[in-house]
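# Summary of structural features
Spelled out from the first residue to the last, the chains are:
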Amino acid sequence: METRRSILASFLPDLASLTKRGLAGWITLIGLGLVTSIVLMTFLAPWISPHDPSAINVGPQFCPPNGQFPLGTNHLGQDMLSRVLSGGSIMLQVAVLSVFICLMIGVPIGLLASYAGGKLDKLCSLMMDSIYAFPALVLAIAIAAMLGTGVVNMALAIAVVYVPSYFRIVRSQVLTIKELLYTEAARAAGARGRTILLRYILPNVVPSVVVVASVNFADAILTAAGLTFVGLGVAKDIPDWGWDLTDGRALLPSGAWWVITFPGIMIVLLALGFTLIGEGLSELLNPRLEQ
Amino acid sequence: MGGEGNFMKIFRSRKAVTTTEGVIIVALILAIILSASTLFYVSTVTSQLAGLSTSISKLSDSLSKLSSDLATVSKTVEEVRKIVGAPPPTPTPTPPPPPKLKDTLIVGTTDSVELTLDPAQAYDWFGWHILQQIGGRLVEIRPGSKAGPEDYVPDLATDWSASADLKTWTFNLRKGVKFEDGREFTAEDVKYSIDRAIALIPSIPEGAPAGLGYDAVIDSVEVSGTYQVKFHLKIPFAPFLGFMYCRSSAIVEKKYAPIMQINYTEGDARASTPVGFLGPYKLTRWVRIAGKDNEMRLEANPNYWNVTGGYPKTKRIIYKFYADATALRLAIEAGDVDIAFRHITAADVLDLTKNPNLKVWWGTGAFIQYMIFQEKIKPFDDPRVRRALAAALNRPAVCKTVFLGTMEPLYSIIPKGMMGHTEAFKELGDANYALTRSLLAELGYNENNKLPVELWYESSGHYPMSADQALMYKDSFEKSGVITVTVKGIDWAGYRKNRNEEIMPVYVYGWYPDYVDPDDYAFLYWAAWLHHNYVNPEIVALYDKARAITDPTERARLYAEIDKIAVRDSPVIPIFQGVAWGVTKPDVEGLVLDITTDMRYWLVYAEIPA
Amino acid sequence: MGLRSYIITRVLLTIPMIMLLLSIVFLVVRVLPGDPVLLHFEKRATPEAMEAMRHQLGLDKPLPVQYFEYLAGLLQGDLGKSMQDFSSVGQQIFSAFPATLELTIYSMAVAVILGILLGVRSSRLYNSLQDHSIRAFGVIMYAIPIFFLGMIFQIIFGIGLRWFPTGLRLHPAIEPPYGLNLGDLRLSTGLYTIDSLLEGNVFKLAQALRYLFLPSLTLGLVLCGVFIRLTRSNMLETLRLDFVTAARARGLKERAVVYGYALRNAFLPILTMMGLQFAVLLGGAILTETTFSWPGLGRYMVDRINFRDYTAIQGAVVFFGLLVALVSLVVDILYAYLDPRIRL
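Everything numeric in this text was worked out from a predicted model, so none of it was measured. (Residues numbered from 1 in each chain as written. Chains lettered and ligands numbered in written order. Predicted model: local features only at pLDDT ≥ 70, side-chain atom pairs only at ≥ 80, totals over all residues.)

### Re the overall build of chain A
The helix and strand tally for chain A stands at twelve helices and zero strands. For chain A, the N- to C-terminal ordering of α and β elements is α-α-α-α-α-α-α-α-α-α-α-α. Of all 291 residues assigned to chain A, the portion counted as buried reaches 54%. Long-range contacts, defined here as pairs at least 24 residues apart, represent 69% of the contacts in chain A between residues at least 6 apart. (Helix = DSSP H or I, 4+ residues; strand = E, 2+ residues; numbered from the N terminus. Buried ≥ 20, exposed ≤ 12 C-beta atoms within 10 Å, placed from the backbone. Contact = placed C-beta atoms within 7 Å.)

Given below as structure tokens:
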């Protein structure tokens with residue numbers, strides 16, 4: 001019991017204590033801040049947007065940022081501020097869904113296969129390795145071609161490529177912990193495999209999984225943007241930063257820089273936020289031997 | 001397999017790599033990469049000895065040729081000496097030399113040949129475009145004209161006539177036109193080409209001859225003289241000249257055109273098309289990489305019958321293919337190409353008109369877009385619902401917002417500039433919400449019970465700005481207050497599939513002219529391949545009547561009747577008509593953008609400044 | 001186990017891995033909904049014609065038969081026929097691959113060189129503002145969408161300054177380099193820079209590099225962050241070691257110490273990371289190729305989707321997979337050769 005609490009304590013950092021944990025703590029905090037504010041902004045968008053983000057011709061077309069339209073309007077006269085506020089919803093959905101799928105599939109398989117060992121372990125490792133290094137965008141394109149577009153399909157494509165990462169991390173942790181003394185002790189005391197898995201191994205696995213998950217989030221966002229760019233995104237009547245990026249790219253040579261810049265910055269900030277969380281957490285959990 | 005743990009160990013490893021090992025490793029990697037890619041490209045070595053002996057014989061041939069050349073040269077030198085010795089003749093004033101023209105122009109485009117350059121198959125704009133530059137047909141259309149019956153001019157045929165019943169058409173062919181190998185063009189070649197096109201219809205059901213209905217119109221082709229050919233038709237067909245103008249009627253060269261589809265052959269442009277090089281250009285290079293065009297080259301054809309007219313004005317045209325409209329805009333702006341044509345977006349072309357270093361060309365268009373209702377899905381089987389939606393459309397808004405004024409609202413399926421065009425759909429109006437509401441009220445739809453509409457658009461760029469168009473239609477439908485719209489997009493292949501399976505309640509399609517005649521447009525109201533299940537024998541009867549007579553007034557009257565019925569039934573709603581544009585460097589001249597939507601590069605040139 | 005047995009085991013293990021990948025791809029392509037036959041028909045889709053097309057594409061045979069034909073074809077190097085124009089998919093992929101390979105190599109070079117230079121600087125100025133900015137730079141660069149960055153470069157360098165072209169591999173009027181010509185034998189890699197070297201044509205080499213510059217800069221910048229981090233952490237450890245202090249005490253110049261001794265230590269991890277990043281680079285190549293009209297495999301894949309060309313997509317996915325498997329095999333073997341502990 002003692003050991004368990006201390007492990008959990010090291011995992012669930014008190015937010016306030018983060019600031020005391022040095023640079024890594026600050027990085028995690030900044031990342032958390034970015035992500036939370038963007039998610040909050042997307043949630044609150046229906047109430048705080050000055051205009052309907054899908055409404056056409058609320059203002060003159062190609063209007064540069066000014067008093068009435070702080071972020072300007074695009075080629076259809078849609079208000080960019082409203083679009084920026086609500087445009088993250090699709091990407092966040094894709095990211096959350098893909099992480100969810102990975103957690104539901106990758107973690108249990110990793111736990112079971114590596115704990116059981118033997119042939120099951122070898123087989124799963126083989127399968128995971130064959131998918132592991134595959135570029136996500138390529139697979140996403142192939143899947144989108146087959147299944148069509150949409151939030152679920154995009155999430156599926158990204159999840160398929162990421163499951164092996166979760167599997168590997170979980171497996172390496174499990175292999176280490178399996179041999180630790182207290183697990184032996186628990187087994188000697190008669191605890192069943194499932195209890196050992198859930199009580200001793202799982203809590204230790206969680207921190208590393210969170211790190212992988214945050215990188216997964218960041219990648220999912222960039223891949224979703226890439227898919228929309230090649231034309232495999234959602235239908236255009238839903239406000240989406242990916243669409244704004246694609247349209248904005250076509251308008252940039254004509255000088256309408258505001259259409260691509262603001263959504264682009266938001267995507268960068270969101271991806272950055274998740275990356276920073278991952279970086280910070282991984283340093284907090286496995287501090288490097290820097291002096 | 002090494003897991004995370006080992007990875008960490010490596011990071012902390014203290015084992016250094018010696019320089020030699022490093023060099024070997026790097027060299028090994030480079031060698032692997034090089035050999036892997038080279039393996040794919042090394043061609044087989046033919047017998048070395050045979051090669052060597054042929055080289056030796058070639059060498060001896062060259063040596064003997066060299067010695068005879070030397071003899072000729074010494075003779076010429078003697079003659080020159082004699083002339084030079086004579087007193088100089090009095091100089092006569094020479095006329096100023098004609099302006100020198102650039103001999104190569106580079107065209108940038110986002111198009112690509114869809115499948116083949118076989119006239120029996122090709123049905124895409126770009127395939128037809130290339131076939132027009134290299135192939136010959138019996139007739140051409142005067143550039144810049146309205147493409148009316150009086151605008152057909154001789155190409156490989158010098159004159160023609162039709163029988164009174166419009167079922168027999170006689171063409172007299174131009175004499176002395178030669179194929180590449182020197183063989184003369186005769187009526188046999190015309191017969192072979194058309195017979196081949198018709199023979200291939202069963203195996204190429206999606207080709208141009210099938211789509212145009214060659215087998216439904218042409219009964220037989222008769223060679224009535226070495227330079228005369230007679231077409232016997234199954235029905236009286238007034239627009240037959242249009243058929244002969246289509247690229248599917250291009251003359252093929254028999255030895256390259258067996259009765260089967262001719263596909264692209266890597267590295268051999270001549271073998272990649274069955275068409276005889278009877279046009280202003282020859283196709284000298286066609287490179288496709290990974291199924292898409294990468295480069296095409298046209299070189300002036302010395303056998304072209306109009307070479308004496310100075311055509312083609314530019315000896316070589318090189319096509320370069322860009323990924324999308326934005327990339328093409330950047331290319332023309334950076335000066336990487338001389339001409340940018342298809343496609344530049346409306347926003348870009350309007351922006352480029354402000355650029356003093358570029359020239360923007362505008363022209364008439366004949367490209368149209370129209371909205372289709374699936375009558376198998378309720379309530380779109382009720383003409384009142386269809387008329388209500390037609391009334392709710394706001395064409396001027398679409399043209400202004402999405403296309404920035406470069407497209408024009410269209411109120412008849414026959415575009416402006418063509419005989420038979422009317423403003424029939426103005427009767428239903430634009431954003432005529434009063435009419436929409438009253439029609440839908442008859443069926444019980446109102447603010448509290450809105451009509452749900454599922455609107456589909458094509459998402460892979462086959463039509464310009466299709467996603468934005470869909471948003472506009474949604475906007476205008478919903479502004480009526482009694483309609484709610486869901487927008488759905490799918491790529492071209494899926495779009496066609498859905499069309500064939502008849503599952504899209506409302507969808508948008510486009511059309512380019514095959515030949516410039518209302519006959520090629522009017523049938524769109526009930527075209528079977530649109531799969532919208534509109535059947536009306538009355539309207540078809542009018543159509544069949546109109547194609548069987550030549551009197552333009554009477555024909556126009558019949559097409560106006562067709563339009564009236566279309567407004568009443570609203571099976572298909574014309575939305576807008578496209579204008580064509582191109583962007584070039586300022587020294588380029590001669591672009592003609594007329595109602596044929598053709599681009600005739602043999603008229604285009606750039607002067608070299610003196 | 002010895003090196004030889006490790007290599008053999010590793011290679012043997014790759015084979016079932018690849019088999020699994022192929023089978024997964026085959027199943028995914030065949031079993032999921034979507035009908036490639038319909039793509040061929042615009043107006044006149046008679047049931048007979050459609051059946052004929054289905055037969056021609058080989059889709060009417062039972063699934064296990066299709067599977068074995070697919071595997072048999074793969075063993076002979078035949079990736080099937082494109083469903084759009086019936087030309088060989090293998091031929092199409094091989095014609096597009098060199099362009100992507102060239103882009104990948106140069107982008108990797110940019111990423112590694114930038115990564116090493118910035119990583120070394122960062123480690124030497126440990127915990128300073130420069131150190132933090134460089135690390136931030138690496139992280140931020142990865143978060144920028146590739147086509148966004150590419151577009152900015154196109155506008156600044158292509159249109160604004162006119163230093164570099166905005167797309168394609170070579171100027172339209174220039175003939176692509178044809179490599180080494182030995183009579184009947186032609187040695188050409190398809191990589192324009194190498195081919196122009198083989199040809200001895202410096203002008204074409206310069207042009208090829210000029211056209212390569214912006215795309216590889218874009219892709220390389222986005223991916224340099226990983227190498228910055230790797231170099232930095234490696235250098236930080238190594239620079240503290242005894243033999244380095246000894247070298248410094250001997251009076252060697254700082255630069256010699258850094259690049260001579262310390263960097264050698266980072267060589268192996270960097271090499272390994274290059275192998276791992278190869279797949280990421282391939283994924284990034286798709287967006288880069290679309291932005292710069294680069295005629296490579298990435299654009300090929302995207303184009304094929306519009307045609308629902310399942311054979312082509314399947315072929316491309318298998319090709320990518322094989323490529324990635326090959327690279328990781330090579331990397332693992334190199335690993336094992338250079339660090340005996342791994343084989344255990």
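### Some words on helix α6 (residues 118-132) of chain A
Spanning 15 residues, α6 of chain A covers 21 Å between terminal C-alpha atoms, matching the ideal 21 Å at 1.5 Å per step. Considered for burial, the residues of α6 of chain A that qualify are S125, M127, M128, D129, S130, I131 and Y132 of chain A. (Expected span 1.5 Å × (residues − 1).)

### Concerning the nonpolar core
Core analysis: the largest hydrophobic core is formed by 342 residues, its most contacted members being V138, A140, I141 and I221 of chain A. Once residues within four sequence positions are removed from consideration, A140 of chain A is found in contact with M154, A157, I158, T223 and L227 of chain A. (Core = buried A, V, L, I, M, F, W, Y, C linked by C-beta atoms within 7 Å.)

### Side note on the interface of chain A and chain B
Between chain A and chain B, the contact holds 22 residues from the first and 27 residues from the second. Put simply, the parts of the chain that give the side of chain A that touches chain B at least two residues each are α6, α8 (151-178) and α11 (241-251) of chain A. Among the elements that make up the side of chain A that touches chain B, the one with the highest residue count is α8 of chain A (four residues). Among the residues forming the side of chain A that touches chain B, the class breakdown is seven nonpolar, nine polar and six charged. (Nonpolar A, V, L, I, M, F, W, Y, C, P; charged D, E, K, R; others polar.)

### What to know about the sheet that holds strand β6 (residues 218-225) of chain B
All names here are of chain B. The strand order across the open sheet built from four strands is β4-β5-β7-β6, with neighbouring strands paired in antiparallel fashion. The open sheet has two free edges, formed respectively by β4 (157-162) and β6, since each of these has just one partner strand. Between one strand and the next, the sheet's axes are offset by a mean angle of 20°, whatever the strand orientation. When β6 meets strand β7 (residues 228-233), the two strands line up antiparallel, connected through six bridges. Considered in β7, the bridge of I218 is made with L233. (Pairing = 2+ DSSP bridges. Axes fitted to C-alpha atoms, helices over the stretch in contact; angles between N-to-C directions.)

### Overview of the packing of helix α17 (residues 537-546) of chain B against helix α18 (residues 552-569) of chain B
All names here are of chain B. In contact at an axis separation of 9 Å, α17 and α18 are set at 165° when each is read in the N-to-C sense. Looking at the two axes, α17 sits roughly antiparallel to α18. Handedness of the crossing formed by α17 with α18: left-handed. Across the interface between the two elements, E538, I539, L542, Y543, K545 and A546 from α17 touch R555, L558, Y559, E561, I562 and I565 from α18. By residue class, the composition of the contact of α17 with α18 is eight nonpolar, no polar and four charged. (Parallel < 35°, antiparallel > 145°, perpendicular 65-115°, else oblique. Left-handed = near helix turned anticlockwise from the far one by under 90°.)

### Digging into α18 of chain B
Residues and elements named next belong to chain B. For α18, with 18 residues, the first-to-last C-alpha span of 26 Å sits near the 26 Å given by 1.5 Å per residue. All of the buried residues in α18 are R555, L558, Y559, I562, D563 and A566. One side of α18 holds all its buried residues, which, seen down the axis, span an arc of 145°. Every exposed residue of α18 that faces more than 90 degrees away from the buried side is listed here: T553 and E554. Immediately beyond the C-terminal end of α18, within one or two residues, lies S570, with a positive phi of roughly 45°. (Arc of directions from axis to C-beta.)

### Description of the environment of L76 of chain A
With respect to the element layout, L76 of chain A can be found in the loop between α3 (22-48) and α4 (80-86). Since 21 C-beta atoms lie within 10 Å of it, L76 of chain A is described here as buried. Remark: the alpha-carbon pair of L76 of chain A and Q61 of chain A, spanning 15 residues in sequence, is separated by 5.7 Å. Sequence-distant contacts of L76 of chain A, that is, excluding residues within four places in its chain, are made with I56 and Q61 of chain A together with T401, D468 and L471 of chain B.

### Considering the confidence of the model for chain A
Residue and element names in this part refer to chain A. A residue-level look at chain A finds 86% of positions with pLDDT of 70 or above and a mean pLDDT of 82. Ranking the elements of chain A by mean pLDDT puts helix α1 (residues 2-11) last with 49 and α4 first with 94. Segment residues 1-5 is flagged for pLDDT under 50; beyond a separation of four residues in sequence, or across chains, it makes three contacts in the model. (pLDDT = per-residue confidence, 0-100.)

### Overview of the environment of Q228 of chain B
All names here are of chain B. Mapped onto the fold, Q228 is located in strand β7. For Q228, a count of 17 C-beta atoms within 10 Å corresponds to the partly exposed category. Distance in space between the C-alpha atoms of Q228 and V107 is 38 Å, their sequence separation being 121 residues. Beyond its immediate sequence surroundings of up to four residues, Q228 is in contact with T170, F171, N172, L173 and A187.

### Here we look at the environment of I158 of chain A
Secondary-structure assignment places I158 of chain A in helix α8. It is 22 Å that separates the C-alpha atoms of I158 of chain A and V205 of chain A, two residues lying 47 residues apart in sequence.

### Description of the packing of helix α4 (residues 89-124) of chain C against helix α8 (residues 202-238) of chain C
Residue and element names in this part refer to chain C. Packing of α4 against α8 brings their axes to within 5 Å, and their N-to-C directions diverge by 40°. Our classification of the angle between α4 and α8 gives oblique. Taken as a pair, α4 and α8 cross one another with a handedness that is right-handed. Among the residues forming the contact of α4 with α8, the class breakdown is 20 nonpolar, eight polar and two charged.

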